[in-house]
Every structure is written in structure tokens, then in C-alpha cells.
Amino acid sequence: MLGFDYGQFAAVYRRFESGATGRPGRSRRRSAGGVMPDSGDIQNDSATDRTVVLVGLMGAGKSCIGRRLAARLGLPFRDADAEIERAAGCSIEDIFELHGEAAFREGENRVICRLLAGNPHVLATGGGAFMNPETRAAIAARAVSVWLRADLDLMLKRTGRRNNRPLLKRGDPRKILSDLMAQRYPVYAAADLVVDSVDGPPEITVERVLAALRARAPSSKAATSAEGAEA
Ligand code: S3P
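Residues numbered from 1 in each chain as written. Predicted model: local features only at pLDDT ≥ 70, side-chain atom pairs only at ≥ 80, totals over all residues. Heavy atoms only, no water.

Draft legend 1. The sheet that holds strand 1 (residues 51-55), seen in detail. Here five strands make up an open sheet; going across it, the order is 2-3-1-4-5 and the pairing parallel. Either end of the sheet is taken by a strand with one partner, and the two such strands are strand 2 (77-79) and strand 5 (193-196). In this sheet, neighbouring strand axes are inclined to one another by 25 degrees on average, regardless of whether the strands run parallel or antiparallel. Relative to strand 3 (residues 122-124), strand 2 is paired through three bridges, and the arrangement is parallel. Within the sheet, the bridge partner assigned to arginine 78 lies in strand 3 and is leucine 123. With respect to the sheet, helix 2 (residues 62-73) is in contact with strand 1, strand 2, strand 3 and strand 4 (143-149), its orientation differing from that of strand 1 by roughly 160 degrees. Most of the contacts of helix 5 (residues 101-116) go to strand 3, to which it runs at about 170 degrees, and overall it touches strand 1, strand 2, strand 3 and strand 4. (Pairing = 2+ DSSP bridges. Helix = DSSP H or I, 4+ residues; strand = E, 2+ residues; numbered from the N terminus. Axes fitted to C-alpha atoms, helices over the stretch in contact; angles between N-to-C directions. Contact = heavy atoms within 4.5 Å.)

Draft legend 2. Expanded view of the environment of cysteine 64. Its place among the elements puts cysteine 64 in helix 2. Along the chain, cysteine 64 and proline 202 lie 138 residues apart, while their C-alpha atoms are 7.4 Å from each other.

Draft legend 3. A look at the packing of aromatic side chains. Scanning the model with the defined rule gives four aromatic pairs in all. For the ring pair phenylalanine 96 and phenylalanine 104, a centre distance of 5.1 Å and an interplane angle of 40 degrees mean the geometry is tilted. With respect to burial, phenylalanine 96 and phenylalanine 104 carry one shared label: buried. Where tryptophan 147 meets tyrosine 185, the ring centres are 4.8 Å apart and the plane angle is 70 degrees; that geometry is what we call edge-to-face. Of this pair, tryptophan 147 sits in strand 4 while tyrosine 185 sits in helix 8 (residues 173-188), and the two are 38 residues apart along the sequence. Summarising the burial analysis for this pair, tryptophan 147 and tyrosine 185 share the class buried. Between arginine 149 and the ring centre of tryptophan 147, over which it is positioned, the NZ or CZ distance is 5.4 Å. (Phe/Tyr/Trp six-rings, centres within 6.5 Å; stacked < 30°, edge-to-face > 60°. Buried < 20%, exposed > 50% of the residue type's maximum accessible area, 1.4 Å probe, protein only. Lys NZ or Arg CZ within 6 Å of the ring centre and 35° of its normal.)

Draft legend 4. Layout of the site of the ligand. Taken together, 13 residues surround the ligand, and among them Lys62, Asp81, Arg105, Arg165 and Arg184 come closest. In this structure, arginine 105 approaches the ligand through a side-chain N or O atom, which is 2.6 Å from an oxygen atom. One of the backbone N or O atoms of glycine 128 is found 3.4 Å from an oxygen atom in the ligand. With the chains in place, 94% of the 380 Å² that the ligand exposes on its own is no longer accessible. Class assignment of the residues belonging to the shell around the ligand gives a composition of five nonpolar, three polar and five charged. (Near = heavy atom within 4 Å. Polar contact = N/O pair within 3.5 Å; in protein donor to acceptor, adjacent residues only side chain to side chain. Areas by Shrake-Rupley, 256 points an atom, 1.4 Å probe, with all protein chains shown as cover. Nonpolar A, V, L, I, M, F, W, Y, C, P; charged D, E, K, R; others polar.)

Draft legend 5. Representation of the packing of helix 3 (residues 80-88) against helix 5 within the structure. Between helix 3 and helix 5, the shortest axis-to-axis distance is 10 Å and the interhelical angle comes to 110 degrees. On the basis of the axis angle, helix 3 is roughly perpendicular to helix 5. Together, Ala80, Asp81, Glu83 and Ile84 of helix 3 and Phe104, Glu108, Val111, Ile112, Arg114 and Leu115 of helix 5 make up the contact between the two elements. Taken together, the residues of the contact of helix 3 with helix 5 sort by class into six nonpolar, no polar and four charged. (Parallel < 35°, antiparallel > 145°, perpendicular 65-115°, else oblique.)

Draft legend 6. Broad picture of the pairing of strand 1. The element strand 1 is largely enclosed, with a buried count of five among its five residues. Here strand 1 shows no split at all, with Thr51, Val53 and Val55 on one side and Val52 and Leu54 on the other all buried. Examined bridge by bridge, strand 1 and strand 4 share five bridges and lie parallel to one another. Across the sheet, valine 53 pairs through a bridge with serine 145, a residue of strand 4. Both strand 1 and strand 3 contribute to a ladder of three bridges, which runs parallel. When the sheet's bridge partners are listed, valine 52 is paired in strand 3 with valine 122.

Draft legend 7. Expanded view of the pattern of salt bridges. For the coordinates displayed, the defined rule picks out 15 salt bridges. Two residues, arginine 72 and glutamate 207, come together in a salt bridge whose shortest N-O distance is 2.7 Å. One end of the pair, arginine 72, is in helix 2; the other, glutamate 207, is in helix 9 (residues 202-230), and 135 residues separate them in sequence. A relative accessible area of 34% places arginine 72 in the partly exposed class. Accessibility expressed as a relative area gives 36% for glutamate 207, which makes it partly exposed. Residue lysine 157 is joined to aspartate 199 by a salt bridge in which the shortest nitrogen-to-oxygen separation is 2.8 Å. Of the two residues, lysine 157 sits in helix 7 (residues 152-159) while aspartate 199 sits in the loop between strand 5 and helix 9, which places them 42 residues apart along the sequence. Overall, the relative accessible area of 47% leaves aspartate 199 in the partly exposed class. Residues joined in a network through salt bridges with shared partners are Arg78, Glu83, Arg86 and Arg114. (Salt bridge = Lys/Arg side-chain N within 4 Å of Asp/Glu carboxyl O.)

Keep in mind these numbers describe shape, not what the thing actually does.
So this is what it looks like as C-alpha cells:
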């Protein structure tokens, strides 16, 4: 679907920006998503003092790793897809079906910009979010981005567990994911850090992300003080 009714979706857009919850019952299916409870607000790991944004394709493990990473960092965890569903009062599938992909993409940008304006947290984004230049710029300005890179078979295996991703219903999931890899990987490569998401216990990938964040921390602090000295 190319166009959609902005007027009809305006109230939802306001909720994307305010974080208010959409009225349940307006869609045929209720969202299964939700907001993860905060894991705490005291940082117990000095790996970052910025919001950590996880980017990557569907099935790369952004939510699973993000939740665990947040616990390790003592930061709240947010899932952009769940926040979108909460504001819209319906599932992502329903947003795609009822309002079209363009409405979803617009809402995704608004939700992520709102979250980035808040306190540091770990944010799992949907696979398409980083493709939006405006979203990418907001992430670069306010967060450290981590591309969770996974191979095709692993993403196929993981996404095959649930049938809730509208893009993967448009044809052969292997072909779709492989085309998205070709299209998106060059853009994901602009993330601050790249970490390979591996099959097996999520803790392995979490440790890799923590190590990458720690390795980056001194230079980002040095860059911050250099900027301060210039000001
Ligand atoms: C999408 C990925 C999904 C969700 C939507 C679109 C994409 O999120 O945002 O279905 O464009 O790659 P996950 O990456 O969390 O599955």
C-alpha cells in the first residue's frame, strides 16, 4: 500500500510521540507486545552512559539480547515494536494491514525519536528502523548503535518460530531475508559497533556486546572531552 489516511491516523501519531496507550478493542487482534518492566535505574556497568540502540534484521536477536544487555547494564529496556503496538492499540500486523507500511514507518520514527529523548536505556529497534535517514541521524546524535549481525540460516530459524512479521508473509522468507540483507547490510554497517549474533546461549552475544561497548568507551569519552575543550 502506497498511501494512507494521515487524518485517520493522526490520533495514533500523537500517541507515538507522547507514549500514551491506544484504546484496546479498535482492532481485530490485540497486540501481544508490551513494555518491558524497567530493570532498574542504577547503572552497574560503566560500558556506556548513552542509550544503546540495537539494530539488525528480523531474527538477529535484538529483543532477546537487548533485554539481557539492559539487565547487565542496569538500564531500562525498551522495545520499539512493542511501544508502537502499545500506542496504536493493535499489533504491527494490523497496522500494516489497516494503515499500510508507510504509516508504520512514520510511527516507528516518531516512537524512536521520543524514546531517544528520554533517559539512557537499551532500545531494540525493528529491522527497518535504521533504514530511515532521520531515525539514523537521531540515533547517531543521542545513542550508541550496535548492529547485531546474524547469518541467514540463523535468522530464518528464529523468525520461523513466530508467524507475526508482515514482510516475511510476502513470499519465500529465505529470499526475502536474503534480499533484505543485500539492501540493508550496507546501511547497518554505519552503526557505531558491529557484533555477530551467534546461535546458542544469548549470554555469549551479550558478552560480545558488552566487550564492544567497553572497548569503545575510552575513545568516546575522549571525543566528548575534546568537543568540550573546543567549545
Ligand atoms: C520489520 C521488522 C520487524 C517489525 C516490522 C518490520 C522490518 O521487527 O518492525 O515487522 O522492516 O524488518 P523485528 O526486526 O524486531 O522483527
